[in-house]
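Coordinate analysis (summary)
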Amino acid sequence: MSAQKLKPSGVLGGLLGLLGFSVLAGVLVTAMVTPAIAVTSMTAQGSIDIFENLPDSIKIGEQSQQNQIFALRGGQPVQIATVYKQNRQVVGWDEVSPLLKNAAVDGEDRRFYSHGGVDVPSIARAVVKNTTQSANGTSGSSTLDMQLVKNILVQEAFTTKTGAARDAAIKAANGATIDRKLKEMKLAIGLDKKYTKKQILLGYLNIVGMGSTTYGVESAALQYFSVHAKDVTLPQAASLIAIVQQPTSQNLSNPKNYPANKLRRDQILNAMLSEKHITQKEHDDAIATPIASYVKLSTPSNGCRTSTDLSAAAACDYALNVIRASDKLPVDMGAAPVVDSLGASTAERVANLDKGGYKIYTTINLDLQDQAQAVLDVQAPADEARFKLGATANTVEAGTGKILVMAQNKIFDDGAAPGATATTAYNFSVDAPYGGATGFETGSTYKVIDLANWLSTGHGLNDLVDGRGPHTYAASDFTATGCDAAIPATYKLSNDGNSGGSYMTVKSALIGSVNNAFMHMAMQQDLCSIRDTAKAMGAHRADFKGDLNAGPSNILGTNEQAPLTMAAVAATIGAGGLHCDPIIIDKVVGPDGKDLPGQPVTCNQAISADVAAGVANAMMGSMSGGTSSPANPRDGVPIGGKTGTSPSSHQDWVIATNTKVGSSVWTGNWDSAQTPLKRFTNPKTRQNYYSSSRFAIMKTVMKAMDVSGTYKGGDFPKASAAILGGSSAIVPSLTGQSSDQAQRLLTSLKFQYTDGGTEASGLPAGRVTRTDPGAGAKVPAGSNVTVYTSDGSLSTTMPSVTGLTRQVADAAIASAGFDPSKISYQWAKGNPLPGQSDSVCIVQASNPSSGSPATKTDPVTLTVYGKPDGSDPGGVCPK
């Protein structure tokens, strides 16, 4: 509400009444203008007491604005989505047209540049007018400073409070009470003392409501005129400022609001003429310009469902859900790496995302994504109406876990109408807590995990196993050490297609995907050990409802898992046994323009490189002449693969890997009816879904990787003679486990356990430090393994040294038990820190980071502010 209302709005007089309004004016004049004058009125004196006890400082601060999501195309980041709670784009002074600045001042507060935050003459005039006008005809007195104060208070309520507390704060900021008006005035006076008029006006233009969820002149100009705020015409500028008086009824989203907007627009144009900011001709031309002639609406794009590349909408949503995910999701059950740079807790990350201003750069490669989407559209039509057909293609970079492709046949749309068939609110690729379904049975793709465990326990690819079936197994045929495995009294199993099978090598069993061969292998393994290998390779339940099941049927893939999980499992083989958690957020740029880290690359050596080479050897056989061969691009690039089908044949898979990536393709019926895909023919290709779709999709996906060059694989490492022959066992990695855990695992793998005693270590006391032979060593099956544990003597915690001088930081580090001679320094550009005139010699960061567990013998690196160019300041920083 303006300080010089050209049309009365009735906020103060009608709501506060004559007495309250007169008191308000008296208080302001007495307390702010002539405080020495004695006040005899008890009412005025009480109001002055209230006024003096009110806060007098408020900060313009950062406003809630848009977040931008990016993916890669041609190796360069391109924006794919805008996400916000409030549609605001904060702009600088030079990015706002002078026409808008003059319109705001002339139309809302003509004495803006001369008053000190509160316009006393306007209050006095309002008192006089309100003594003679009804509640529906009063004169306003709010300056731009006061309007900015109110908007800041409302925005603070939106961004810092929730539920009833937020509603109460918003109501208080908008309330029509003397106390609220006094507070607003005092804060406006403080604002005017703290900031320049230029800063106040720009703050107002960036924060003011412009209708619905649109805030600030930049977003409003783009929405209503499809131009930037710096490019608006005179009538457009006046129309924008006209909105602020009544954002609901005077915004330009609907032609029915045009008459009200024009009335206020023309008043503002008159004021601009009166203040000589426009000529008579400019005024007359603008007055004669119909609003409809310059309105060009651009619908605000908010959310991943409005992505400029709809094939990446699901990936976009996953990135946001990674940020919003609960801190309570267990890491050992598959929780995605957290983006700590956006906050230490879920609440903090969500609050920062809601406040906005972030640029989130994903790892998605749109060039590869588009090719995956194109083949999905053909091989798994989104409009298939006979059953609920779902399909995904996911690719993960080996050695980093970066998600390159996350595509699905049904375009992601979390605002789709009920009953929509071509879109879905599910991201089929991911776990349930991240917007996914509850996962799908993986079928025989799980056999690569079974094989990895087989080779890790001293067996070989050329060992003979019994693949004959059907066969009935007894509970006594299996062992399960260290976990709760559901083993039935009897378990009857047939091979695929009820084939009879025979004695065969383990490699042949994987190539032919022979069920009974793998069940006979399991009789020589430990069911809990197989499960542990699966977990090490990243396998976990998509519903997060407990650990992987470890019964006999589970080695054939009855645990429900997400397609992204299986792509990461495949990538583990291609990376030489190194499993990396899938990540999609590469980096973040904060509202201040500074780069922030994305999800950390988190990897573990799940299986040895030699075991991985053995698994890849068998998977290449599957791709060259086994069940996976229809998915082979046959472009000369080495590739391994494995198929899978759920017991009821309603979920079909193929996973594949080269040395650069791992991919999974899932096609399935996500209806609980579990209708097998093999019953249906694709109307687009005239081929059976079961026998063709998954293979055609994978072939396209992996060929695209090879053609890209960057992700073209090379030769897989050769498997050793021990892996091929099975004459040795691999010592597992036990570091960090308790001695009891280590003994149970070694016993389950048929090793002999010997306690080697304790030794100095930074690990917690009682935790395994090393083994002899070491982890990954190939030894005869049944060999003795000596296990050494930590005495805890070298364990410590890195102190918090950020913000300290180098000298003080060195002392703190030494006090924590670190060796001072192992402290090294690297220099950063010296910029003043908040509240400091000089940051030279101040610690910016440390490695290890503050509060992290460490070993006293670890080296410590401090990043210290140096000269402005980032060089060593020399003797300026005392040691």
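To be clear, the structure that these remarks concern was listed above.
Because the structure is a prediction, the values reported are computed rather than measured. (Residues numbered from 1 in each chain as written. Predicted model: local features only at pLDDT ≥ 70, side-chain atom pairs only at ≥ 80, totals over all residues. Heavy atoms only, no water.)

1. A closer look at the overall build of the chain
Each helix and strand in the chain was counted, giving 26 helices and 30 strands. The buried share of the chain, taken over its 879 residues, is 54%. Here the contacts in the chain between residues at least 6 apart in sequence split such that 71% fall between residues at least 24 apart. (Helix = DSSP H or I, 4+ residues; strand = E, 2+ residues; numbered from the N terminus. Buried < 20%, exposed > 50% of the residue type's maximum accessible area, 1.4 Å probe, protein only. Contact = heavy atoms within 4.5 Å.)

2. Describing the packing of helix H9 (residues 217-225) against helix H10 (residues 234-243)
Remark: H9 packs on H10, axes separated minimally by 11 Å, with the N-to-C direction vectors making an angle of 115 degrees. Here H10 runs roughly perpendicular to H9, going by the angle between their axes. Between H9 and H10 the crossing geometry is right-handed. Across the interface between the two elements, Val217, Ala220, Ala221, Tyr224 and Phe225 of H9 pack against Gln236, Ser239, Leu240 and Ile243 of H10. Here the contact of H9 with H10 is built from residues that sort into seven nonpolar, two polar and no charged. (Axes fitted to C-alpha atoms, helices over the stretch in contact; angles between N-to-C directions. Parallel < 35°, antiparallel > 145°, perpendicular 65-115°, else oblique. Left-handed = near helix turned anticlockwise from the far one by under 90°. Nonpolar A, V, L, I, M, F, W, Y, C, P; charged D, E, K, R; others polar.)

3. Focus: the state of the cysteines
Per the stated rule, a full pass over the model turns up four disulfides. Paired by a disulfide, cysteine 483 and cysteine 528 hold their sulfur atoms 1.9 Å apart. Classification of the bridge connecting cysteine 483 and cysteine 528 rests on its S-S torsion, roughly -85 degrees, and on that basis the disulfide is left-handed. Here cysteine 528 lies in helix H20 (residues 527-536) and cysteine 483 lies in the loop between strand E10 (471-474) and strand E11 (490-493), a separation of 45 residues in the sequence. Residue classification places cysteine 528 among the buried residues on the basis of a relative accessible area of 0%. For cysteine 580, the disulfide goes to cysteine 603, at an S-S distance of 2.1 Å. (Disulfide = S-S within 2.5 Å.)

4. A short note on the packing of aromatic side chains
Two aromatic rings, taken as a pair, are described by how far apart their centres are and by the angle between their planes. Under the defined criterion, the tally for this structure stands at 11 aromatic pairs. Consider the rings of phenylalanine 387 and phenylalanine 680, whose centres lie 4.3 Å apart with planes at 20 degrees: the pair is stacked. Separated by 293 residues along the polypeptide, phenylalanine 387 in the loop between helix H16 (366-379) and strand E4 (389-397) and phenylalanine 680 in the loop between strand E20 (661-669) and helix H23 (689-708) bring together distant segments of the chain. For phenylalanine 387, a relative accessible area of 8% puts it in the buried group. Taking 3.9 Å as the distance between ring centres and 15 degrees as the angle between the ring planes, the aromatic pair formed by phenylalanine 440 and tryptophan 666 counts as stacked. Linking phenylalanine 440 in strand E8 (residues 440-441) with tryptophan 666 in strand E20, this pair joins segments that are 226 residues apart in sequence. (Phe/Tyr/Trp six-rings, centres within 6.5 Å; stacked < 30°, edge-to-face > 60°.)

5. Details of the sheet that holds strand E25 (residues 784-790)
Spatial ordering of the open sheet is given by E22-E25-E23, a layout of three strands whose pairing is mixed. Whereas interior strands pair on both sides, the edge strands pair on one side only; in this sheet they are strand E22 (752-759) and strand E23 (768-772). Neighbour-to-neighbour, the strand axes of the sheet open up by a mean angle of 25 degrees, direction not taken into account. Where E23 meets E25, four bridges bridge the pair, whose relative direction is antiparallel. Across the sheet, residue valine 768 finds its bridge partner in E25, namely threonine 789. (Pairing = 2+ DSSP bridges.)

6. Observations concerning the sheet that holds strand E18 (residues 640-645)
The five strands lie next to each other as E5-E4-E20-E19-E18, forming an open sheet whose pairing is antiparallel. Since the sheet does not close on itself, it has two edges, and those belong to strand E5 (403-408) and E18, each with one partner. When strand polarity is set aside, the average angle formed by the axes of neighbouring strands in this sheet is 10 degrees. Sheet topology note: the E18/strand E19 (residues 651-657) ladder contains six bridges and is antiparallel. The residue bridging threonine 643 from the neighbouring strand is valine 654, located in E19.

7. What about the packing of helix H3 (residues 98-108) against helix H8 (residues 197-207)?
The geometry of H3 relative to H8 is characterised by a closest axis approach of 11 Å and an angle of 95 degrees between their N-to-C directions. When the axis of H3 is compared with that of H8, the two are roughly perpendicular. Contacts between H3 and H8 involve Lys101, Ala104, Val105 and Glu108 from the first element and Leu201, Tyr204 and Leu205 from the second. Classifying every residue of the contact of H3 with H8 gives five nonpolar, no polar and two charged.

8. Observations concerning the environment of glycine 762
Structurally, glycine 762 is set in the loop between E22 and E23. With residues up to four places along the chain from it excluded, the contact list for glycine 762 reads Leu794, Ser795, Ala854 and Thr855.

9. Concerning the environment of leucine 794
Topologically, leucine 794 is positioned in the loop between E25 and strand E26 (795-797). We classify leucine 794 as partly exposed; its relative accessible area is 22%. Residues leucine 794 and phenylalanine 818, spaced 24 residues apart in sequence, show a C-alpha to C-alpha distance of 9.2 Å.

10. Re H10
Most of H10 is tucked away, with 10 of its 10 residues classed as buried. Those residues of H10 that sit buried are Leu234, Pro235, Gln236, Ala237, Ala238, Ser239, Leu240, Ile241, Ala242 and Ile243.

11. Topic: the nonpolar core
Leu100, Leu191, Leu205, Phe225, Leu240, Ile241 and Leu252 are the most contacted members of the largest nonpolar core, which totals 58 residues. For this core, the secondary-structure elements that each account for two or more residues are H3, helix H5 (144-160), helix H7 (178-194), H8, H9, H10 and helix H12 (258-274). The contacts of leucine 191, once residues within four sequence positions are left out, are Ile58, Ile60, Asp145, Leu148, Val149 and Ile200. Grouped together as the second largest cluster of nonpolar side chains are 44 residues, Val448, Val514, Ala534 and Ala606 included. (Core = buried A, V, L, I, M, F, W, Y, C linked by side-chain atoms within 4.5 Å.)

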